[in-house]
Amino acid sequence: MTTANRDDIGQDSPVVDAIREAITSGDFAPNQRLVEAELSEQFGVSRAAVRNALVQLTTEGLVERIQNRGARVRAVSLQEAIEITEVRMVVEGLCAARAADRVTEGERSEMREIGEQMQQAVASGDVLGYSEINKRLHALIMRISGQETACAVLGRLRGQNVRHQFRLAMHPGRPSVSLPQHLAIIEAICAGDSEAAEAAMRAHLGSVIDTLPEIGKSQSPRFTTP
């Protein structure tokens, strides 16, 4: 991506977006040093632009600055991952309820199609495919809900928790556990039942919280957290 002459760093700055994407996609690993000169060359911007971007990403909780050692990708501990998911449980529960109140017939069809795709992915053992469809479902629910502030909060929380989310998706048997939970969310929203939609979303994320300690026990060195 070429972003030369774009040094005005704001919320939608290309270099902020690029570094954020590299962190949340796993291209930059937890505790990896973020060297201004290297990032400047990689993304085609000035060091000042990179410095400002790192300041913004620090406020988002994706980067931490260590005195006399510069910046690095912030690693999220298991306990923090659980706390983040507890917050998600409340906020995404609200969004599921709002989505049930606002869903259109076209959006019902879209959600049910996603549900069918999730079932096909589980049946075929396509774990990565299931994970991607899962993301699409949650994004669709956020969009239908119309809760812009909640969506912004959830975007930051998901970014901080991306490593644990990836390892959760790869946990043996997890798709088979989460599939009926997602289908319950879909059916409640499609039925326009806001209470059931919120309860189903909370139950799903409660299951995530219960599973996180299991994946913490089996983490590989790459995912070691402080």
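To be clear, the structure that these remarks concern was listed above.
Conventions and cut-offs
- Residues numbered from 1 in each chain as written.
- Predicted model: local features only at pLDDT ≥ 70, side-chain atom pairs only at ≥ 80, totals over all residues.
- Heavy atoms only, no water.
- Helix = DSSP H or I, 4+ residues; strand = E, 2+ residues; numbered from the N terminus.
- Buried < 20%, exposed > 50% of the residue type's maximum accessible area, 1.4 Å probe, protein only.
- Contact = heavy atoms within 4.5 Å.
- Axes fitted to C-alpha atoms, helices over the stretch in contact; angles between N-to-C directions.
- Parallel < 35°, antiparallel > 145°, perpendicular 65-115°, else oblique.
- Left-handed = near helix turned anticlockwise from the far one by under 90°.
- Nonpolar A, V, L, I, M, F, W, Y, C, P; charged D, E, K, R; others polar.
- Pairing = 2+ DSSP bridges.
- Salt bridge = Lys/Arg side-chain N within 4 Å of Asp/Glu carboxyl O.
- Disulfide = S-S within 2.5 Å.
- Patch = residues over 30% accessible without salt bridge, like charges linked within 9 Å, V, L, I, M, F, W, Y side chains within 5 Å.
- Areas by Shrake-Rupley, 256 points an atom, 1.4 Å probe, with all protein chains shown as cover.

Asker: Hey, could you run me through the overall build of the chain in this one?
Answerer: Across its full length, the chain holds 10 helices and three strands. Looking at the chain residue by residue over its 226 residues, the buried ones come to 47%. Long-range pairs, those at least 24 residues apart, make up 74% of the contacts in the chain with a sequence separation of at least 6.

Asker: Hey, could you run me through the packing of helix H5 (residues 105–124) against helix H9 (residues 174–190) in this one?
Answerer: In a packed pair of helices, the relevant descriptors are the angle between the two axes and the axis-to-axis distance. It is the contact of H5 with H9, at a shortest axis distance of 10 Å, that shows an interaxial angle of 165°. Compared by their axis directions, H5 and H9 come out roughly antiparallel. Crossing geometry of H5 relative to H9 is assigned as left-handed. Residues Arg108, Met111, Arg112, Gly115, Met118, Gln119 and Val122 of H5 form the contact with H9, whose own contacting residues are Pro175, Ser176, Leu179, His182, Leu183, Ile186, Glu187, Ile189 and Cys190. Grouping the constituent residues of the contact of H5 with H9 by class yields nine nonpolar, four polar and three charged.

Asker: Mind showing me how you'd approach the environment of Glu38 here?
Answerer: Of note, Glu38 is situated in helix H2 (residues 36–43). Glu38 sits 12 residues away from Val50 along the chain, and the two C-alpha atoms are 9.7 Å apart.

Asker: Before we go on, may I ask you to explain the pairing of strand S2 (residues 63–66) in this structure?
Answerer: Here is the key point about a regular strand: its side chains alternate between the two faces of the sheet. Pairing of S2 with strand S3 (residues 70–73) involves four bridges; the strand directions are antiparallel. Bridge pairing in S3 links Glu64 to Arg72. Joining the antiparallel neighbours S2 and S3 is a turn of three residues, in which Asn68 adopts a positive phi near 65°.

Asker: Whenever I open this one, the pattern of salt bridges confuses me. Can you help?
Answerer: Side-chain pairs of opposite charge can arise whenever the charged atoms involved come near each other. Evaluation of the coordinates by the stated rule reveals 14 salt bridges. In this structure, Arg202 engages Glu198 in a salt bridge whose closest nitrogen and oxygen atoms are separated by 3.6 Å. Highlighted residues: Arg202 and Glu198, both in helix H10 (residues 194–217), separated by four residues, approximately one helical turn. Here Glu198 falls in the partly exposed class, since its relative accessible area comes to 27%. In this structure, a network of salt bridges that share partners links the residues Glu36, Arg47, Arg51 and Arg65.

Asker: What is the right way to look at the state of the cysteines in this model?
Answerer: A covalent bond between the sulfur atoms of two cysteines is what we call a disulfide. Tallied over the full model, the rule gives zero disulfides. Here Cys95 stays free of any disulfide, with the sulfur of Cys151 as its closest cysteine sulfur at 5.4 Å. Overall, Cys95 belongs to the buried group, its relative accessible area being 0%.

Asker: Sorry if this is basic, but what is going on with a nonpolar patch on the surface here?
Answerer: Together, Val127, Leu128 and Met170 make up a nonpolar patch on the protein surface, roughly 230 Å² of accessible area in all. For Leu128, the position within the fold is in helix H6 (residues 127–145).

Asker: What is the right way to look at the pairing of S3 in this model?
Answerer: Looking at chain direction, strand S1 (residues 33–34) and S3 are connected through two bridges and run antiparallel. Paired with Arg33 across the two strands is Arg72, which belongs to S3.

Asker: Honestly, the sheet that holds S3 in this entry has me stumped. Any pointers?
Answerer: Hydrogen bonding along the main chain pairs the strands of a sheet, whether they run parallel or antiparallel. Ordered in space as S1-S3-S2, the three strands form an open sheet in which the pairing is antiparallel. At either margin of the open sheet sits one strand with a lone partner, and together these are S1 and S2. Across the sheet, helix H3 (residues 47–59) is in contact with S1, S2 and S3; its angle to S2 comes to roughly 110°.

Asker: Help me out: how do you make sense of the packing of H6 against H9 in this one?
Answerer: Remark: H6 packs on H9, axes separated minimally by 12 Å, with the N-to-C direction vectors making an angle of 25°. Here H9 runs roughly parallel to H6, going by the angle between their axes. Of the two elements, H6 crosses H9, and the hand of that crossing is left-handed. Of the residues in H9, those touching H6 at Val127, Tyr130, Asn134, Leu137, His138 and Ile141 are Pro175, Ser178, Leu179, His182, Ile185, Ile186 and Ile189. Its residues assigned to classes, the contact of H6 with H9 comprises nine nonpolar, four polar and no charged.

Function-wise, these values are silent; they only describe arrangement.
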